[in-house]
Structure formats: structure tokens, C-alpha cells
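Structural characterization, general
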Amino acid sequence: MCPTGGPGHDGPVTTTAPPAGVRADRPPLLRARRGRVLGGVAAGTADHLRLDPVVVRVAFVLLGISGVGVVGYALLWFTMKAAPAGYERPDRPPRASGRQLLGLVALGVLALALSSRLDTLTRGDVVVPLVLAGAGLAVIWYQLDTERTDARSARWGLVVGVLLAGGGLVLLLATTGQLANARNGFVATVVVLVGVVLATAPLWRRLLDSRADERAARIRSEERAAVAAHLHDSVLQTLALVQKHAGDPAQVTRLARGQERELRSWLYAPRTAEGGTWAGRVSELVADVEADHEVAVDPVVVGDLDVDDAVEALARATREAVVNAAKHAGVATVDLYTEVTPSAVTVFVRDRGAGFDPDRVPEDRRGLRDSVVGRLQRVGGTATVHTAPGAGTEVELVLPRRTT
Amino acid sequence: MTAPLTTVFLVDDHAMVRSGVRAELGDAVEVVGEAADVAEAVAGVRATRPDVVLLDVHLPGGGGRAVLEALRAELPDVRWLALSVSDAAEDVIAVIRAGARGYVTKTISGHDLRDAVARVAEGDVVFSPRLAGFVLDAFAAGPAAPVPEPDVDPGLDLLSAREREVMQLLARGYTYREIGQRLFISVKTVESHASNVLRKLQLSNRNELTRWAVDRKLA
């Protein structure tokens, strides 16, 4: 029944239960991270053996009285692999409650009291320091074994552990009358240790440096991989398409422009690329129009704001105005300027194309009237069209901002 | 043009861009030299003393700004025109603040580029719509936090209403001539508004402008 630490893998390790015929579907022997009391050894073992963790814990405590349980527990803690970060325990992931911990401690103390009464009481003065030192060690291990980044509480836990362990050690030495000897030995050890650390300092230094270098190199190569992935998905694909359409200048121009805009937004304006702001909406709608029509639009955006329903309507109206210019002006470029001020959002869509006589637009051509003017009026904005035959067209959209 | 041809020096790290620009400039100007990085550019411009330097914003060895900072005081007669594909506002504004007289994107048409070079050679300022947008953006934070600094002319920190109007029309794609017609002022007046704005952009060291650049960098 003695738990002997196996060589530290998740195979069948001899523990408190008969190991014969370990079924293949048994969960692996891993130290549990959740629901643990100390190192997760008991919980992990219980998972592996399909027992209640409480049973295993009680067994460890009882065995601990004779010392075997403590040594076994420490060995297992050392050798059992910790469960990986996202590991879900097979069944019943109960929280190890404080009450359970208290119960276990009480059980331990009681058993200890009984056993020390049965044992020779003379050794009782050694037991207390030993227990103290053991508890301190356990606390230190517990703190060092977490992956918590909550450094503050971990540090305090460590301090408590070191104090406990140190106190226990001193007490042990004092009760056995070895304190003076130990002090001499301690001083000698410290001197030797300091000497060794100083002598090997360059080595440590180099080790630390190379670790930092490795880290930096890894980060660099990860970044490089991300850039390569992006370039592959975008630029290289577009270049392949460009080669395919080499005979079609209009298509090539469109591809190049689309790619240029995509790359720009990736390089310089990650925020606008996410959308949700006016500038993001503008670059989206420009991309849309450029994809559908043979026209180049160079948007100039001053200021920015979040998109709400009214701004969305403005974006749609803007899109319609740009499409109109692309369709009817007969020019290759359209200017789009928009400015966000504290009182209003203004948009100017301008082309140097054919222009038209606003009074002679046929009744059935409703693009501007409905999609632009009507849409904006519904959200409290205004749209004005300045045009004349041969003088180009400029559509001015104004959306007053609600004062909040 | 009565005077001999305008001499132009090209600075760009891509040979393809240089030859493309050279082809677009054509016979209208005389290209006296090319350079691909900062050191070459400084040496070349110093040796040839061109009328206009077409300067890429992004260059190996410190960017166009480094070339400007090295030579601007030494060669006050040379005019600089920034030429870039870069959309990063703070880069463009940095080159303008270092002394460039204008900024155009590399997608500019050959005709517009020749026009821009000619205007810069005459001492004018060239605002592309995009640069006008950057300027408006930079000065937009405006009167919200008027922190008067003792030794700085407070006028430098704000655009006048007229200057704003001119910048807005430039951003909308209007030419100087169209702006003049629209505002009922002469082209010369439009030009002087534009160079005033450029001067403010270069001389103003108000907090707003620096903070704006920092914000853009973080964005």
C-alpha cells in the first residue's frame, strides 16, 4: 500500500489501489489544477482511480502520520505531470472547500495526537518542528507550483512558507542541541555558496541573456510569420491575378487599387479597418464603389465619430452620391471629402465630369432625389447639389450632430 | 518659360519609381541626378544644387526628413517636394515641418506632377487634397485648449477662417484657380493663404500638434 512515485509519466503507477488490469479508458494520471487542496496529487490520483478525492486525501493523511504518506505525497507531487492548462477533469470537478481542508487538518492532528500518545512521547518535541518545517515546505511548493501571475499574493505565500520552514528547522536544531554546530556549518555553507555564485556569475549572466535573446527571436519569427501569412493572402494573390489579367488594363488597375487600399489600411490604420467608425465606413463604401465601377475615389477624412443610425444613413447617401458620379459623370476620378466637427458631419462628393441641368432630370431618374436627399432628410440632414452642364457636379451632404 | 529648364533631383529608394517619375516629367524639366538613400541624396543634392528635389518620405537611413534636416539650412534656395505612397499622416507632417513645400502621392498623374514641380520651383506651395485633410485634422483640436505659451505667436496655433476655407476646398479637390473663383479672391491670394498655412504648420510648436502626432502614432 505504499505509494511509490513512478518515473513520472501517466502510465499505471502503483498507488493505494490494486493496479491489476488498468482499463484503457482510465483517465491519465495527472496532477489536477482545479479542485486541488495542496498539489493536486490526491485529486489527480482519485481521478485516475475513479475514487472520491476525499477518500484518497484521508488515506494520505492517515498514512502521513507514519511519515510514509508525506514522503509518498512529496514524491508523487514531484513526479506526476501537471495537467495542461485547459485540461478538464473527467467527472465531478468539485471545488475543494475550505471546510474539507479544515476537516483534513483536524483529522491529521487527531491521528497525530493518538499516534504520539501511543508512540514514545519523548519524541514529541521533534515532531512539532518537523511538522512546522513540512508545512512550510508544502506552502512553498504550493506557491511555486501555480501558474498564477498574481505575483503579490504568491510572494506573501512564499514568505510565510519560508518563515514556517525556517522556524521549524531552527526549532528542530535547538531541541536537539545542534544549533551552535549548525550555525558554524551554515556560515561555511553560505561562504562557499557565495563564492560559487560569484565565480560562475558570467555563466548565469550568459544564460539569462541567451534566454532573452531566444525569446526575442521567437517573437520576431512569430511576427514574421503573421506578416508572411497576411502578404500571402493578399498581395501575392493579387499579383497572381494581375499576371493573369495582364491584357486588361482596367481590371489590373482595379486589382492594384483594391490591393493598395487593403494594404494601406493594414499598415497604417488598424482602427479604421475594424469598422464601427465613420472613417471606417467611408473607406468601406469607397472600396465597394471602386469594385463595382471603373472609377478611382480618393477619400479625405478629417475627424471621426462612432457610427449610429443617422451616420449609417449618411454613409448610404454618400455611397449613392459616389455611385452617381461614377455612373454619369464619365470621369476616372471622384473627390470625396468629409469633415467631422462638433456640430455636424459634412460630406462633399465632387467630380469634374459632364454635369447636368437639375431642372431637366427626368421624373423616373430618382437616384439622387430619393436615395440621397430623401434619405438624409429623414435623419434631419440636408443635401445640396451644385451642378451645371459641363461644369462638373458637387453633392454636399450635411448631417447635424445630436448634442448629447 | 524664359529661364532655362527647371533642374530636378530625384530621391527614392526604388529604381522603378525613379524611372517612372523621370518618364512622367519628360522634357518639361532637366533631371540632374538621382539618389536611393539618405547619404547619397545629401551628397548628390549638395553637388548638383537643383531647383527642386523630389523627395520620398520613406528612405533607408532616416527618411526624407533626415535629408531635409541635413541640407535645408545649407541650401536655402533648393525647394523640396515630398512624394510618397505613405498614408501615415505623422510621416507626411514631419517632412512638411522639416521644410518640404508640398506633398503629392505617387499615384498623381504625369500632368499634375509636372504642374506641381513647376509651382514648387516658383516658390508656391503644393497641397494635395490629402495633405489639406491632414492639416485640417492637425489643427482641428483647435480652440478647445488655448494654452498660451509666452514666446510663441498665438496666431501660429490656429488657422484663420479664410485659411480653413481654403484648406477645405483644397481637400474637396478644388484647384487654386477654382478656389479663387469661388471665394472671389485672386489666385495669388489663395497661394498666400496656402503658404501661410504651411508656415504655421512648420513654425507652430503648440502642444496640440505634437499630441495629435502622438495620437496618430498610437492609433
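Scoring rules and cut-offs
Sequence order as written defines residue numbering, which begins from 1 separately in each chain. Naming scheme: in the order in which they are written, chains are lettered from A and ligands are numbered from 1. In keeping with the predicted nature of the model, local features appear solely for residues at pLDDT of at least 70, side-chain atom pairs appear and are counted solely at 80 or more, and the whole-chain, interface and lining totals rest on all residues. Only hydrogens and water are set aside when side-chain values are computed; all heavy atoms of the structure are taken into account. Each helix is a run of DSSP H or I of at least 4 residues and each strand a run of E of at least 2, with the numbering of both proceeding from the N terminus. The buried label applies to any residue whose accessible area, calculated with a 1.4 Å probe on protein chains only, is under 20% of its type's maximum; exposed applies above 50%, and partly exposed to all values in between. Note on contacts: a residue pair qualifies if any of its non-hydrogen atoms lie within 4.5 Å across the two residues. Accessible surface area values rest on a Shrake-Rupley calculation with a 1.4 Å probe, where residue burial reflects the displayed protein chains alone. With a 1 Å grid spanning the protein atoms alone, the term cavity applies to any set of points in which a 1.4 Å probe fits but cannot get out, the term pocket to an open set with protein on both sides within 12 Å along at least five of seven lines, and the term lining residue to any residue with an atom within 4 Å of a point. Grid points are joined across faces, edges and corners, and a volume is the space filled by probe spheres set on the points. Under the convention adopted here, Pro, Cys and the residues Ala, Val, Leu, Ile, Met, Phe, Trp and Tyr are nonpolar, Asp, Glu, Lys and Arg are charged, and Gly plus all remaining residues are polar. When two parts are put together, the accessible area they lose, computed with a 1.4 Å probe and summed over both, is reported as buried area. When a carboxyl oxygen of Asp or Glu lies within 4 Å of a side-chain nitrogen of Lys or Arg, that pair is called a salt bridge. For this analysis, a nonpolar core means a set of buried residues of the types Ala, Val, Leu, Ile, Met, Phe, Trp, Tyr and Cys, connected via side-chain atoms within 4.5 Å. Between 30 and 60 degrees the pair is tilted, below 30 it is stacked and above 60 it is edge-to-face, where a pair is any two Phe, Tyr or Trp rings, Trp via its six-membered ring, whose centres lie within 6.5 Å. The rule for a charge over a ring is simple: NZ of Lys or CZ of Arg within 6 Å of the ring centre, and within 35 degrees of the ring normal. Fitting a line to C-alpha atoms yields each axis, with helices limited to the stretch in contact; the angle taken between N-to-C directions then spans 0 to 180 degrees. For classification purposes, an angle smaller than 35 degrees is called roughly parallel, one larger than 145 roughly antiparallel, one from 65 to 115 roughly perpendicular, and anything else oblique. At least two DSSP bridges between two strands are required for those strands to pair. pLDDT is a per-residue confidence score from the predictor, ranging from 0 to 100.

1. Section: the overall build of chain A
Tallying secondary structure elements over chain A gives 13 helices and five strands in all. With 404 residues in all, chain A has 30% of them scored as buried. For chain A, restricting intrachain contacts to residue pairs at least 6 apart in sequence, the fraction spanning at least 24 positions comes to 67%. For chain A, the computed accessible surface area is about 24400 Å², with 62% contributed by carbon and sulfur atoms.

2. Let's talk about unusual backbone geometry
At R50 of chain A, a residue that is not glycine, the phi angle is positive and equals roughly 60°. Tracing the chain through its elements places R50 of chain A in the loop between α1 (41-49) and α2 (53-65). The partly exposed category is assigned to R50 of chain A, whose relative accessible area is 36%. With phi around 45°, R49 of chain B is a residue other than glycine that occupies positive phi space. Structurally, the position occupied by R49 of chain B is in the loop between α2 (38-48) and β3 (52-56).

3. With respect to empty space enclosed by the protein
Residue and element names in this part refer to chain B. Summed over the entire model, instances satisfying the criterion amount to two cavities of 30 Å³ or more. Put simply, the largest cavity is a space of about 40 Å³. Every residue lining the largest cavity is listed: L10, V11, D12, V17, R18, V21, L54 and L83. Among the elements of the structure, β1 (6-11) and α1 (15-25) are those that each provide at least two residues to the lining of the largest cavity. For the lining of the largest cavity, the element with the most residues is α1, which contributes three residues. Grouping the constituent residues of the lining of the largest cavity by class yields six nonpolar, no polar and two charged.

4. Digging into the interface of chain A and chain B
Listed by partner, the interface residues are 18 residues for chain A and 21 residues for chain B. The junction of chain A with chain B conceals about 1700 Å² of combined surface from both sides, 46% of it contributed by carbon and sulfur atoms. The tally of links between chain A and chain B comes to six salt bridges. A salt bridge links R172 of chain B to E394 of chain A; the nearest nitrogen and oxygen atoms lie 2.7 Å apart.

5. Some points on the nonpolar core
Ranked by size, the top nonpolar core spans 54 residues in total, and within it V67, W80, F127, V135 and M167 of chain B carry the most contacts. Sort the elements by how many residues they give to this core and helix α6 (residues 129-140) of chain B lands first, with six residues. In contact with F127 of chain B, other than residues within four places in its own chain, are A132, V135, M167, L170, Y176, A194, V197 and L198 of chain B. Within the second largest apolar cluster, 29 residues are counted, among which are V289, V297, A326 and V372 of chain A.

6. Remarks on the pattern of salt bridges
It is possible for side chains bearing opposite charge to pair when their charged atoms get close. Residues and elements named next belong to chain A. All told, the structure shown has 20 salt bridges over all chains when counted by the stated rule. A salt bridge links E290 to R257; the nearest nitrogen and oxygen atoms lie 3.1 Å apart. Placement of the pair is E290 in helix α11 (residues 278-292) and R257 in helix α9 (residues 249-268), with a sequence separation of 33 residues. Between R281 and E312 there is a salt bridge, with its nearest N and O atoms 2.8 Å apart.

7. Structural notes on the packing of aromatic side chains
One pass over the full model with this rule turns up three aromatic pairs over all chains. With a centroid separation of 6.1 Å and an interplanar angle of 85°, the aromatic rings of Y73 of chain A and W77 of chain A are classed as edge-to-face. Taken together, the residues span about one helical turn, with Y73 of chain A and W77 of chain A both in helix α3 (residues 68-79) at a distance of four residues. According to the relative accessible area criterion, Y73 of chain A is buried, its value standing at 13%. Here the aromatic residues F60, Y73 and W77 of chain A are joined through ring pairs into a cluster of three or more. The positively charged end of R350 of chain A is found above the aromatic ring belonging to Y174 of chain B, 3.8 Å away from the centroid. The ring of Y176 of chain B carries the charged tip of R119 of chain B above its face, separated from the ring centre by 4.7 Å.

8. Side note on α1 of chain A
Residues and elements named next belong to chain A. The buried count for α1 comes to nine of nine residues, which makes it a mostly enclosed element. Of all the positions in α1, only V41, A42, A43, G44, T45, A46, D47, H48 and L49 are classed as buried. Of the surrounding elements, those touching the buried residues of α1 are α2 and α3. At the C-terminal side of α1, R50 shows a positive phi close to 60°.

9. Some details on the environment of A82 of chain A
Residue and element names in this part refer to chain A. Structurally, the position occupied by A82 is in the loop between α3 and α4 (98-118). With 51 residues separating them along the chain, A82 and R31 place their C-alpha atoms 4.6 Å apart. Filtering out sequence-adjacent residues up to four positions away, A82 remains in contact with L30, R31 and R33.

10. A closer look at the packing of helix α8 (residues 176-183) of chain B against helix α9 (residues 187-203) of chain B
Residue and element names in this part refer to chain B. In contact at an axis separation of 8 Å, α8 and α9 are set at 110° when each is read in the N-to-C sense. Taken as axis vectors, α8 and α9 run roughly perpendicular relative to one another. The residues of α9 that touch α8, namely those facing Y176, R177, I179 and G180, are V187, V190, E191 and A194. For the contact of α8 with α9, the class distribution of residues is five nonpolar, one polar and two charged.

11. Concerning the sheet that holds strand β5 (residues 102-105) of chain B
Residues and elements named next belong to chain B. Strand order in the open sheet formed by six strands is β2-β1-β3-β4-β5-β6, and the pairing between neighbours is parallel. At either margin of the open sheet sits one strand with a lone partner, and together these are β2 (29-35) and β6 (126-127). Pairing of β5 with β6, which is carried by two bridges, proceeds in the parallel orientation. Opposite G102, over in β6, you have V126 as the bridge partner. Across the sheet, helix α3 (residues 63-71) touches β3 and β4 (79-84), and the angle it forms with β3 is around 145°.

12. Details of the confidence of the model for chain B
All names here are of chain B. Averaged over all residues, the pLDDT of chain B is 80; the fraction at 70 or higher stands at 83%. Here residues 142-152 scores under 50 on pLDDT; set against residues more than four positions off or in separate chains, the count is eight contacts. Scoring of the predicted complex yields 0.56 for pTM and 0.76 for ipTM.

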